[in-house]
Amino acid sequence: MNHLSRRDFLKGVAASGLVLSSINVHAKSYGVIERKETTELSGNVFHLTINKTLVNVTGSPSIATTVNGMLQGPTLRWREGDMVTIHVTNYLDEPSSIHWHGIILPYQMDGVPGISFDGIAPGETFTYTFKVQQSGTFWYHSHSGFQEQTGVYGAIVIEPKEKEPFTYDREYVVLLSDYSDEKPATIYRKLKIASDYYNFNQRTVGDFFAEVKEKGFWEAWQARKMWNQMRMSDRDLSDVTGYTYTFLMNGHSPSKPFQALYRAGERVRLRFINAAAMTFFDVRIPGLKMRVVAADGNNVQPVEVDEIRLGVAETYDVIVEPKNSQAYAIFAQAMDRSGYALGNLTTNPNIYAKVPKLDQPQPLTMADMGMGMHMADMKKMPMKHNKYALKKPVPITQLPMRWGVGTTMRAKNPQYRLDDPGVGLRNNGRRVLTYADLRSLRSTKDDKYPDREIILHLTGNMERYMWSINGIPYHEADPIRFRYGERVRITYINDTMMNHPMHLHGLWSDLETGDENHLVRKHTIISQPGSKISFRVTVDAKGAWAYHCHLLYHMKDMFRKVVVT
Ligand SMILES: [Cu+2]
């Protein structure tokens, strides 16, 4: 029930002149519409509406917020070089917005309320218009409140001006998301009360004895002691899990999987997009190799893998060549193994692939806590951190830092771990894509060398579910200032036990993956727990930009405004 604030009440009195009729003042509602099938829209001019929509994702009805009544929203197909105009009308009872994730555009068109524009008030229309200067797979989502969790997202496919360096016969968007019948505000409140509310993977006494058997009592005891001292759990992989989430692929729950049809002999391009609020997905198609051809919309040197981890907001394009008219499962496990999204790649929609079993969840290691290498982990994980160091150091700009109640965790010995597939994917017998595998197709040999470096600590207090950058939450932080034309190297030190998918708006992030001549261009970079990672930014767009962790319930505080002058 909406509660009528005193201010609204008085406004109503003034407007109507009658006390009795003022009771209707809050009934300003645009109603609830029925869910429609997701479709594709193309051209230069688009009309989008944001509506409350009745959906049934989990078996019981709930109210989602959607674009054009679709969960997920319509796929927008643009052409590189075109001017596009998008009219967005907000039929919610609260402000809304659409942000075009990874799209290079003037900052006033970026769609972040409070930074790019004022947001779209209820009943109002905002018109976005900009020139499309890139191609590939991207997505859009609301940047207001928790609307992204409840359905305001969709795919963007941009056709390139020039021929692509690969060919295919057919393509599908494969957009992954997480849906809950619980209200996002309720989820957030529960996390604030108990950060492990949704985590049912906690350790048992039996686990400890299994560990003793494997490692010997002393080592097992030491490891447990350390975790306890840090008041952390090595089973805390995701804040929000399959306990409340249903994982969707193109809006389909696993009980009625998304169907991707193919004909024998075809090469199929799959455009994977992680549009989830909180969930990292590990994607594989048992029986098929995936040839990765693009990361975050940018072409890379092709690499064949069995499995890909998609952090929240990342995209990967792959090409697969299914054989023998078989049915294949497109299997996207949540990182904590509490559930999966599912698709069926098949020649016959009546034939379903066998669904693989969920992997066993793996605990975090001491390396994930930034405690350097445990002997047992050392054997498992190749270390080549020298490769990731800057050849010639540059001046470091010191930014304000606050250690205290908001920073209960600290990585003592953070390492570059670009060749680490991450917790849950190590030594699983499959070829898993890592950042070290990514090389841009274009040469970056002649790109400007960094002028300076900034170091950002990703910080938090897990028990109190507080998140921040350099120990300072957004509402207490000064903007980060960049000079137009400079090239900045940014290094993250992740002092927490969570993966944070960090997204810098408006400017590309050129990730140092170990090959100086082929830095890979991304818009979202996963910072692994307890690790270090560096990328470079050419500051080529003036204005104010948002910069934040893309986990929806971290975003409010693990956020900065970036000002380019
Ligand atoms: Cu985060």
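For the structure itself, look to the data block above.
Draft legend 1. Spotlight on the overall build of the chain. Helices and strands together make up the secondary structure of the chain, namely six helices and 33 strands. Residues counted as buried form 57% of the 565 residues belonging to the chain.

Draft legend 2. View of empty space enclosed by the protein. Using the criterion set out here, one finds five cavities of 30 Å³ or more in the structure. Its volume calculated, the largest cavity comes out at about 220 Å³. Breaking the lining of the largest cavity down by element, the ones donating at least two residues are β30 (524–527) and β31 (531–538). Looking at the lining of the largest cavity element by element, the count peaks at three residues for β31. Residue classes in the lining of the largest cavity are distributed as seven nonpolar, five polar and four charged.

Draft legend 3. Broad picture of the sheet that holds strand β12 (residues 246–249). If you trace the six strands from one edge of the open sheet to the other, you get β12-β11-β14-β19-β16-β17, paired in mixed fashion. The open sheet has two free edges, formed respectively by β12 and β17 (298–305), since each of these has just one partner strand. Strand-to-strand, the axes of this sheet are offset by a mean angle of 25°, without reference to chain direction. Pairing geometry for strand β11 (residues 170–179) and strand β14 (residues 268–274), over seven bridges, is parallel. Note that in β14 the partner of Leu175 across the bridge is Ile273.

Draft legend 4. Quick look at a nonpolar patch on the surface. Residues Val32, Leu54 and Ile63 make up a contiguous nonpolar surface patch of about 230 Å² in total accessible area. On the secondary structure map, Val32 appears in strand β1 (residues 32–34).

Draft legend 5. Looking closely at the side chain of Arg269. Note on placement: Arg269 falls in strand β14. According to the relative accessible area criterion, Arg269 is buried, its value standing at 1%. Other than its neighbours up to four places away in sequence, Arg269 contacts Thr137, Glu164, Phe166, Tyr168, Arg170, Glu171, Tyr172, Asp317, Val318 and Ile319.

Draft legend 6. Structural context of the sheet that holds strand β21 (residues 340–346). Spatially, five strands are ordered β13-β21-β20-β15-β18 in an open sheet, and the strand pairing comes out mixed. Each edge of the sheet is formed by a strand with only one pairing partner; in this case those strands are β13 (258–261) and β18 (307–310). Across the sheet, the axes of successive neighbouring strands diverge by a mean angle of 20°, strand direction being ignored. Both strand β15 (residues 281–284) and strand β20 (residues 328–334) contribute to a ladder of four bridges, which runs antiparallel. In the sheet register, Asp282 faces β20, and the bridge partner there is Gln333.

Draft legend 7. Quick peek at the pattern of salt bridges. Counted under the stated rule, the structure contains 41 salt bridges. In this structure, Lys52 engages Asp93 in a salt bridge whose closest nitrogen and oxygen atoms are separated by 3.0 Å. Of this pair, Lys52 sits in strand β3 (residues 45–55) while Asp93 is found in the loop between β6 (83–90) and β7 (99–101), placing the two residues 41 residues apart along the sequence. The exposure class of Lys52 is partly exposed, given its relative accessible area of 23%. By relative accessible area, Asp93 is classed as partly exposed at 34%. For Arg271, the salt bridge goes to Asp317, with nearest N and O atoms at 3.6 Å. Remark: Asp317 occurs in strand β19 (residues 315–320) and Arg271 occurs in strand β14; sequence separation between them is 46 residues. Accessibility expressed as a relative area gives 3% for Arg271, which makes it buried. On the basis of relative accessibility, which here comes to 0%, the residue Asp317 falls in the buried class. Residues joined in a network through salt bridges with shared partners are Glu40, Arg77, Glu159, Glu164, Glu171, Arg269, Arg271 and Asp317.

Scoring rules and cut-offs
- Residues numbered from 1 in each chain as written.
- Predicted model: local features only at pLDDT ≥ 70, side-chain atom pairs only at ≥ 80, totals over all residues.
- Heavy atoms only, no water.
- Helix = DSSP H or I, 4+ residues; strand = E, 2+ residues; numbered from the N terminus.
- Buried < 20%, exposed > 50% of the residue type's maximum accessible area, 1.4 Å probe, protein only.
- 1 Å grid on protein atoms, 1.4 Å probe; cavity = no way out; pocket = protein on both sides within 12 Å on 5 of 7 lines; lining within 4 Å.
- Points joined across faces, edges and corners; volume = space filled by probe spheres on them.
- Nonpolar A, V, L, I, M, F, W, Y, C, P; charged D, E, K, R; others polar.
- Pairing = 2+ DSSP bridges.
- Axes fitted to C-alpha atoms, helices over the stretch in contact; angles between N-to-C directions.
- Patch = residues over 30% accessible without salt bridge, like charges linked within 9 Å, V, L, I, M, F, W, Y side chains within 5 Å.
- Areas by Shrake-Rupley, 256 points an atom, 1.4 Å probe, with all protein chains shown as cover.
- Salt bridge = Lys/Arg side-chain N within 4 Å of Asp/Glu carboxyl O.
- Contact = heavy atoms within 4.5 Å.

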